[in-house]
There are 2 protein chains.
Amino acid sequence: MSLLVTGSIAIDTVKTPHGISEDCIGGSAVYFSMAASFFSPVRLVGAVGSDCPFDLAKIFAGRDIDLTGLEVRKNSKTFRWAGSYRENMDERTTDYIELNVLAEEPPEVPVEFRDSKFVFLANTTPNLQLKLLNQIDKPAFVAADTMDCWIEGHPEDLKTLLKKINCLIINEDEARLLAKEHNLMKAAEKILDIGTNVVVIKKGKSGSLMCNAEDDIFILPAYPAAEVKDPTGAGDSFAGGFMGYLAQSSDTNFAALKKAVAYGTVTASFTIADFSLNGLTSIEKADIDGRFESLRKFTIF
Amino acid sequence: MSLLVTGSIAIDTVKTPHGISEDCIGGSAVYFSMAASFFSPVRLVGAVGSDCPFDLAKIFAGRDIDLTGLEVRKNSKTFRWAGSYRENMDERTTDYIELNVLAEEPPEVPVEFRDSKFVFLANTTPNLQLKLLNQIDKPAFVAADTMDCWIEGHPEDLKTLLKKINCLIINEDEARLLAKEHNLMKAAEKILDIGTNVVVIKKGKSGSLMCNAEDDIFILPAYPAAEVKDPTGAGDSFAGGFMGYLAQSSDTNFAALKKAVAYGTVTASFTIADFSLNGLTSIEKADIDGRFESLRKFTIF
């Protein structure tokens, strides 16, 4: 089924103990689209400025990613982000952030995308996420991401959003902040009480936790990757693998959601093995399937 | 099959955000024995001083724990430990430690225990662990724990020990210190290169990782416990559930080791739900089996 993503296209500069990647392609919609395209056709909605040095059509060549929703704004500048990771890759510092086009009105969802059934609203203000969602006719499954500044700064908008989506995908610190609860099992319950039917909590190296309103629980370790060069994009790649698998299977029961978490996990494990999109552009779908089967073998008892 | 543990019997004082437990029963051999006794008869080898306020026979009443190897030393004092856990339970501070009887010669393994087939050498100097192990005639499967001060202070003794045991059970910081490697997959490989055939790395809230010399891998999340009151004894309870299951099944192939890790995980999840031994004394084997099946259900995809 059709899968639409709204999110950022970024010019990233990333420093890790393994090296520096300057002015490389990044952004939530980019990582998501690349990851999801292994599973399903993707419709991208996003905006860049006239300074954007990337040819997305070329970057996505050979993949079924529809760029009809890509707006190039003549008088705007592209979103820029720079970050540094410390020695153990657990913590990162934002070196600078230039919102640029992200601070403007969101892009329009093209008419031909409005029948999309699976929708991922990458991280931006909840109000913009709602505006984007309102442009979709009758979505079957909507997932969204958020972050600390919207949880703290726009809690009412976020609550409205949570009531309109099916699934929230956030990291553990955000879950604790949103639920005002340290224990993640209790935090998940509290988030489900606010609105969404499914919550996926990403714990980085510690894997992930998924709960739904029917009290189903799924916990999965991270893929045991020996190589971590750059964690940037891991979360959006996870979401891409997750939503890509769901759109491909056209199913959203808990069994399908569990497989989707596993696909998200292994897809992200390739992203972090190299800088920018290199970890994803250098693999085939068979590599993802291989790690999916390995992860199943590593965890079954 | 017969299961023997050598380790400490302690007078613990523990402070957590949930309360204080003063002069309560603790120690590696105590937690281990209680946990393992759900699965298999246990032979305890340990020493206390004449000041020991606990009647171990009464504490272990109704459980198949043989105290023939318990030495009460008239002119010695019992090991004491006091620790405090911070708000999020992730870090603890040792408030005081009095080695007392632990600083003396180790207890003797009684003649009738020398035919033990499964042996757990709880944390003490590697040299003492070797002395204890040498008193066992022909063990089938020996596991040991260690800690930072022996890794740094007695590396050669520890290497000798590793070559004589089948399995090392340590936490992630200890694994990194021993292997001089931050990445846990690589650390596990390096530890296996030193000597033991199996390494189990405990990651607390993040679950555990097991690798063997044949390149088998097992990763398991922690049990998603909503209640954590006192993490003291979690590691020794894990080891007790792990070794208890192996002794019960008389099997040590990788499939059995995986189930043993799962049993260790769920047994420890009960320990941390209350102070001292209360989390373990208040349950039945059926509760452990229930969480074992739940953990399987939570992780399968």
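Given the structure is predicted, the values throughout are model-derived calculations rather than measurements. Along each chain, residue indices are assigned from 1 in the same order as the chain's sequence is written. Chains carry letters from A onward and ligands carry numbers from 1 onward, assigned in written order. Note on the predicted model: pLDDT of at least 70 is required for a residue's local features to be given, and 80 or more for side-chain atom pairs to be given and counted; whole-chain, interface and lining totals, by contrast, use all residues. Heavy atoms throughout the structure, all of them, feed into the side-chain values; hydrogens and water do not.

To continue, consider the interface of chain A and chain B. It only takes one pair of heavy atoms within 4.5 Å for two residues to be counted as in contact. Taken together, the contact between chain A and chain B spans 29 residues of the former and 28 residues of the latter. Reported buried area values correspond to the accessible surface (1.4 Å probe) lost by two parts on association, with both partners' losses combined. Taken over both partners, the interface formed by chain A and chain B buries close to 2,600 Å², and the fraction arising from carbon and sulfur atoms is 61%. Together, A:Ile219, A:Phe298 and A:Phe301 form the three largest contributors to the area buried by chain A at its contact with chain B, with a combined 31%. Salt bridge criterion: a side-chain nitrogen from Lys or Arg within 4 Å of a carboxyl oxygen from Asp or Glu. Linking chain A with chain B are zero salt bridges. Helix numbers and strand numbers start at the N terminus; a helix is a DSSP run of H or I with at least 4 residues, a strand a run of E with at least 2. Listing elements by their share of the side of chain A that touches chain B, those giving two or more residues are helix 7 (184–194), strand 13 (217–220), helix 9 (254–271) and helix 11 (285–299) of chain A. Considering each element in turn, the side of chain A that touches chain B owes the most residues, six residues, to helix 11 of chain A.

Residues belong to a common nonpolar core when they are buried Ala, Val, Leu, Ile, Met, Phe, Trp, Tyr or Cys residues joined through side-chain atoms within 4.5 Å. Each residue is placed in one exposure class: buried if its accessible area under a 1.4 Å probe, protein chains only, is under 20% of its type's maximum, exposed if it is over 50%, and partly exposed if it falls in between. Ranked by size, the top nonpolar core spans 97 residues in total, and within it A:Phe242, A:Met243 and A:Leu246 carry the most contacts. Per-element accounting of this core gives the leading share, 10 residues, to helix 9 of chain A.

So, about the environment of B:Ser76. All names here are of chain B. Position of Ser76 relative to the elements: it lies in the loop between strand 5 (65–73) and strand 6 (79–85). Its relative accessible area of 9% is what places Ser76 among the buried residues. Sequence separation between Ser76 and Pro139 is 63 residues; the distance between their C-alpha atoms is 31 Å.

Residues and elements named next belong to chain A. Positionally, Ser33 belongs in helix 1 (residues 28–36). Classification of Ser33 by relative accessible area gives buried; the value is 0%. The definition of a polar contact used here is a pair of N or O atoms within 3.5 Å, where within protein one atom must be able to donate a hydrogen and the other to accept one, and adjacent residues in sequence count solely through side-chain atom pairs. For Ser33, the side chain forms a polar contact with the main-chain oxygen of Ala29, separated by 2.6 Å. In contact with Ser33, other than residues within four places in its own chain, are Val5, Val42, Leu44, Phe60 and Ile65.

A word on the relation of the copies chain A and chain B. Here the copies are matched by least squares. The fit uses the C-alpha atoms of residues with pLDDT of at least 70 in both. Aligned on chain B, chain A shows an RMSD of 0.0 Å; the corresponding rotation is 180 degrees and the shift along the axis is 0.0 Å. Given the turn and translation reported, the copies of this chain are related as if by a two-fold rotation axis. Residue A:Ser206 of chain A places its C-alpha closer to the rotation axis than any other residue of that unit, at 2.4 Å. The overlap is high: 97% of the interface residues of chain A also sit at the interface in chain B, so the same surface is used on both sides.

Further remarks concern the packing of helix 9 (residues 254–271) of chain B against helix 11 (residues 285–299) of chain B. Residues and elements named next belong to chain B. Geometry is summarised by axes, namely lines fitted to C-alpha atoms with helices restricted to the contacting stretch, and by angles between N-to-C directions that run from 0 to 180 degrees. At a minimum axis distance of 9 Å, the contact between helix 9 and helix 11 shows a crossing angle of 120 degrees. Taken together, the axis directions place helix 9 and helix 11 in an arrangement best described as oblique. Relative to helix 11, the crossing made by helix 9 is right-handed. Residue-level inspection shows Lys259, Ala262, Tyr263, Thr265, Val266, Thr267, Ser269 and Phe270 of helix 9 in contact with helix 11, the latter providing Asp287, Ile288, Asp289, Arg291, Phe292, Leu295 and Arg296. We call Asp, Glu, Lys and Arg charged. Ala, Val, Leu, Ile, Met, Phe, Trp, Tyr, Cys and Pro are nonpolar, and the rest, Gly among them, are polar. Considered class by class, the residues forming the contact of helix 9 with helix 11 number seven nonpolar, three polar and five charged. Geometric relationships in this document are graded by angle, where less than 35 degrees denotes roughly parallel, more than 145 denotes roughly antiparallel, 65 to 115 denotes roughly perpendicular, and other angles denote oblique. Left-handed describes a crossing whose near helix is turned anticlockwise from the far helix by less than a right angle; the clockwise case is right-handed.

When you line up the elements, A:Thr6 lands in strand 1 (residues 3–6). In this view, A:Thr6 contacts A:Val45, A:Phe120, A:Leu121, A:Ala122 and A:Leu132; residues no more than four positions away in its chain are not counted.

Further remarks concern the pattern of salt bridges. Residues and elements named next belong to chain A. By the definition in use, this model includes 24 salt bridges over all chains. Where Asp115 meets Arg43, a salt bridge forms, and the shortest distance between an N and an O atom there is 2.8 Å. With Asp115 in the loop between strand 7 (92–98) and strand 8 (118–121) and Arg43 in strand 4 (residues 42–49), the pair connects residues that are 72 residues apart, well separated along the chain. A salt bridge links Lys190 to Glu181, with the nearest nitrogen and oxygen atoms 3.9 Å apart. By relative accessible area, which is 39% here, Lys190 ends up partly exposed. Classification of Glu181 as buried rests on a relative accessible area of 18%.

Aromatic ring pairs are reported here in terms of the distance separating the ring centres and the angle at which the planes meet. Two rings from Phe, Tyr or Trp (for Trp, the six-membered ring) form a pair when their centres are within 6.5 Å of each other. A pair whose planes differ by under 30 degrees is stacked, one over 60 is edge-to-face, and the rest are tilted. Across all of its chains, the model carries 18 aromatic pairs over all chains by this definition. With 4.0 Å between their ring centres and 10 degrees between their planes, A:Tyr263 and A:Phe292 make a pair best called stacked. A residue pair is termed long-range when its members are at least 10 positions apart, and A:Tyr263 in helix 9 and A:Phe292 in helix 11 qualify at 29 residues. Here the two residues A:Tyr263 and A:Phe292 agree in accessibility, since each one is buried. Relative to B:Phe292, the ring of A:Phe301 lies with its centre 5.2 Å away and its plane at 70 degrees, an arrangement referred to as edge-to-face. Here B:Phe292 lies in helix 11 and A:Phe301 lies in the segment after helix 11, a pairing that spans two chains. Relative accessible area serves as the criterion here: at 13%, A:Phe301 is assigned to the buried category. Accessibility expressed as a relative area gives 3% for B:Phe292, which makes it buried. One aromatic cluster is present, formed by A:Phe39, A:Phe218, A:Tyr245, A:Tyr263, A:Phe292 and B:Phe301 through successive ring pairs. The rule is short: NZ of Lys or CZ of Arg within 6 Å of the ring centre and within 35 degrees of the ring normal puts a charge over the ring. Over the aromatic face of A:Phe270 sits the side chain of A:Arg291, whose NZ or CZ is 4.0 Å from the ring centroid.

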